[in-house]
Amino acid sequence: QVQLVESGGGLVQAGGSLRLSCAASGRIFNRYAMGWFRQAPGLEREFVAAISWSESSTYYADSVKGRFTISRDNAKNTVYLQMNSLRPEDTAVYYCAAEASVLRLVRGSNYWGRGTQVTVSS
């Protein structure tokens, strides 16, 4: 099975930056898409960003376009989320996810990390 471990969350001021990391291990997919979701208290889990194994395709939620950048290093089995110009509404638990394709991933996933808290103060 796939195991996903997030790191890099914390407390930042509005307008600041933060970089999340997700380390993957195990064997479920030979070439898997990976991405990020987030969930704030009282709200549904929402898609944030996704990237294909080959890095040829990326997808972003409208709310983060131009501010967040997803990337991956397959040699290290790690996916990153660079978050710039952070806003208080970005506050949420961020979850790493993996699926067989980016089209499947943007709709949800059966493989999740435990999550990392991101808090943006105003």
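Structure shown above.
To start, this report covers the structure provided alongside it. (Residues numbered from 1 in each chain as written. Predicted model: local features only at pLDDT ≥ 70, side-chain atom pairs only at ≥ 80, totals over all residues. Heavy atoms only, no water.)

1. Overview of the sheet that holds strand β7 (residues 68-73)
The criterion, for reference: For two strands to be treated as a pair, DSSP must find at least two bridges joining them. Each helix corresponds to a stretch of at least 4 residues labelled H or I by DSSP, and each strand to a stretch of at least 2 residues labelled E; elements are numbered beginning at the N terminus. Fitting a line to C-alpha atoms yields each axis, with helices limited to the stretch in contact; the angle taken between N-to-C directions then spans 0 to 180 degrees.
Spatial ordering of the open sheet is given by β1-β3-β8-β7, a layout of four strands whose pairing is antiparallel. Strand pairing shows two members of the sheet lacking a second neighbour, β1 (3-7) and β7, which therefore form its edges. Going from strand to strand, the sheet's axes swing by 15° on average, the running direction of each strand aside.

2. Here's the deal with the environment of Thr78
To keep it simple, the criterion reads: Note on contacts: a residue pair qualifies if any of its non-hydrogen atoms lie within 4.5 Å across the two residues. Two N or O atoms count as a polar contact when they lie within 3.5 Å, although within protein this holds only if one can serve as hydrogen donor and the other as acceptor, and sequence-adjacent residues are included solely when both atoms are side-chain atoms.
Within the secondary structure layout, Thr78 lies in strand β8 (residues 78-83). Between the C-alpha atoms of Thr78 and Gln39, which are 39 residues apart in sequence, the distance is 21 Å. In contact with Thr78, not counting residues within four places along its chain, are Ser21, Cys22, Ala23, Arg72 and Asp73. A distance of 2.9 Å separates a polar side-chain atom of Thr78 from the backbone oxygen of Lys76.

3. Notes on the pattern of salt bridges
So the rule is basically this: Any carboxyl oxygen of Asp or Glu that lies within 4 Å of a side-chain nitrogen of Lys or Arg is treated as forming a salt bridge with it.
Enumeration over the complete set of coordinates arrives at four salt bridges. Between Glu46 and Arg38 there is a salt bridge whose closest N-O contact spans 2.8 Å. The salt bridge involving Lys65 is made with Asp62; its shortest N-O contact spans 3.0 Å. Look at the salt bridges and you will find they share partners, linking Arg38, Glu46, Arg67 and Asp90 into a network.

4. Quick notes on the packing of aromatic side chains
Given two aromatic rings, one states the distance between the centres and the angle between the planes to describe the pair. Heads up, the rule is: Only Phe, Tyr and Trp rings are paired, with Trp represented by its six-membered ring, and only when their centres lie within 6.5 Å; those with planes under 30 degrees apart are stacked, over 60 edge-to-face, the remainder tilted. Think of it in three bands: with a 1.4 Å probe and only protein chains considered, a residue is buried below 20% of the maximum accessible area for its type, exposed above 50%, and partly exposed in between. Distance and angle both matter: a charge sits over a ring if NZ of Lys or CZ of Arg is within 6 Å of the ring centre and within 35 degrees of the ring normal.
Tallied over the full model, the rule gives two aromatic pairs. When the ring of Phe37 is compared with that of Phe47, the centres are 5.7 Å apart and the planes differ by 75°; the resulting orientation is edge-to-face. On the criterion of sequence distance, the pair formed by Phe37 in strand β4 (residues 33-39) and Phe47 in strand β5 (residues 46-51) is long-range, its members being ten residues apart. Each member of the pair, Phe37 as well as Phe47, carries the same accessibility label: buried. Here the aromatic rings of Phe37 and Trp112 are separated by 5.1 Å at their centres, their planes lie at 75°, and the arrangement is edge-to-face. One end of the pair, Phe37, is in strand β4; the other, Trp112, is in strand β10 (residues 111-112), and 75 residues separate them in sequence. For Arg31, the ring lying beneath its charged end belongs to Trp53, and the centroid distance is 4.4 Å. Between Arg45 and the ring centre of Phe37, over which it is positioned, the NZ or CZ distance is 6.0 Å.

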